[in-house]
Structures are given as C-alpha cells and as structure tokens.
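Below, each chain spelled out in residue letters.
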Amino acid sequence: MRLKSALALSLLVGVSVATPALADQYDEAWVKKCVADNSDQKQTPEVLTTYCTCMNNKMSSNETQSITAWEKTHPAEQEACSKEAGWKSGN
C-alpha cells in the first residue's frame, strides 16, 4: 500500500512540475503570435512584447482564442495593456 501511495504522490508531483513548463511554452507561442499579428502597427518590438504579454496574462489559462481574437472583445484589458506597454497611437 505504501508503494502505491508513493507512486501516486510521485506522479502528482511530476504532473505539477510539468504543467507550468507546458503553460510557459504555450504562453510564449501565443505571445509570439500576437507580436507577429501586430507587427504592422509601427510599434517597437519591446512595446509589442510587453503588450502581448500583458494581454496573455489577463486571459484565462483555459482560453482557446488567440490574443488577437480575445482583445477584440475585451477593450478594457486592451486599453490597460496598451497603457502599460507605452503603445503610441497614430504612429
């Protein structure tokens, strides 16, 4: 019985350690896609990365839409992240 408990515990620990790594990879991919989607907006790469990271962090981890699609239905978050990133209008 102890062996089963130890095995179950080690599996749980393994899953909890792997999950953040996978989440980080997915987050990185979504941010990279968002930066590419906004590359025509005449912003610096730093502004785009900060904006996209901010938007990604505001999204639920269960969200299936891209950042670009999600931002269209979340204007308050878009405005807050634009301000945080230093997005310049009319460039």
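1. Things to note about the confidence of the model for the protein
Phase 1: Of the residues in the protein, 73% reach a pLDDT of 70 or more, and the chain-wide mean stands at 81.
Phase 2: This stretch, residues 5–19, has a pLDDT under 50; its non-local contacts, to residues over four places away or in other chains, come to zero contacts.

2. A look at the nonpolar core
Phase 1: Membership of the largest hydrophobic core is limited to 12 residues, which are Val31, Cys34, Val47, Tyr51, Cys52, Cys54, Met55, Met59, Ile67, Trp70, Cys81 and Ala85.
Phase 2: Here this core gets five residues from one element, more than from any other, and that element is helix 2 (residues 45–58).
Phase 3: When near neighbours in sequence (up to four residues on either side) are disregarded, Val47 contacts Ala85, Gly86 and Trp87.

3. Some thoughts on the state of the cysteines
Phase 1: Applying the stated criterion to the full structure yields two disulfides.
Phase 2: Each sulfur of the disulfide joining Cys34 and Cys52 lies 2.1 Å from the other. Taking the sign of the torsion about the S-S bond as the criterion, the disulfide between Cys34 and Cys52, at about -70°, is left-handed. Taken as a pair, Cys34 in helix 1 (residues 2–37) and Cys52 in helix 2 lie far apart in primary sequence, 18 residues in all.
Phase 3: For Cys52, a relative accessible area of 0% translates into the label buried.
Phase 4: Each disulfide pairs two cysteine sulfurs, and for Cys54 the partner residue is Cys81, the sulfurs being separated by 2.1 Å. Looking down the S-S bond of the Cys54 and Cys81 bridge, the torsion is -75°, so its handedness is left-handed. Within this pair, whereas Cys54 is found in helix 2, its partner Cys81 is found in helix 4 (residues 75–85), the two being separated by 27 residues in sequence.
Phase 5: Of the residues examined, Cys81 reaches a relative accessible area of 0% and is grouped as buried.
Phase 6: Along the protein, the cysteines engaged in disulfide bonds are linked according to the scheme 1-2, 3-4 when indexed in sequence order.

4. Regarding unusual backbone geometry
Phase 1: Of note in this structure, Lys42 is not a glycine but carries a positive phi near 55°.
Phase 2: The residue Lys42 is located in the loop between helix 1 and helix 2 in this model.
Phase 3: Residue Lys42 is classed as exposed on the basis of its relative accessible area of 62%.

Conventions we followed
- Residues numbered from 1 in each chain as written.
- Predicted model: local features only at pLDDT ≥ 70, side-chain atom pairs only at ≥ 80, totals over all residues.
- Heavy atoms only, no water.
- pLDDT = per-residue confidence, 0-100.
- Contact = heavy atoms within 4.5 Å.
- Core = buried A, V, L, I, M, F, W, Y, C linked by side-chain atoms within 4.5 Å.
- Buried < 20%, exposed > 50% of the residue type's maximum accessible area, 1.4 Å probe, protein only.
- Helix = DSSP H or I, 4+ residues; strand = E, 2+ residues; numbered from the N terminus.
- Disulfide = S-S within 2.5 Å.

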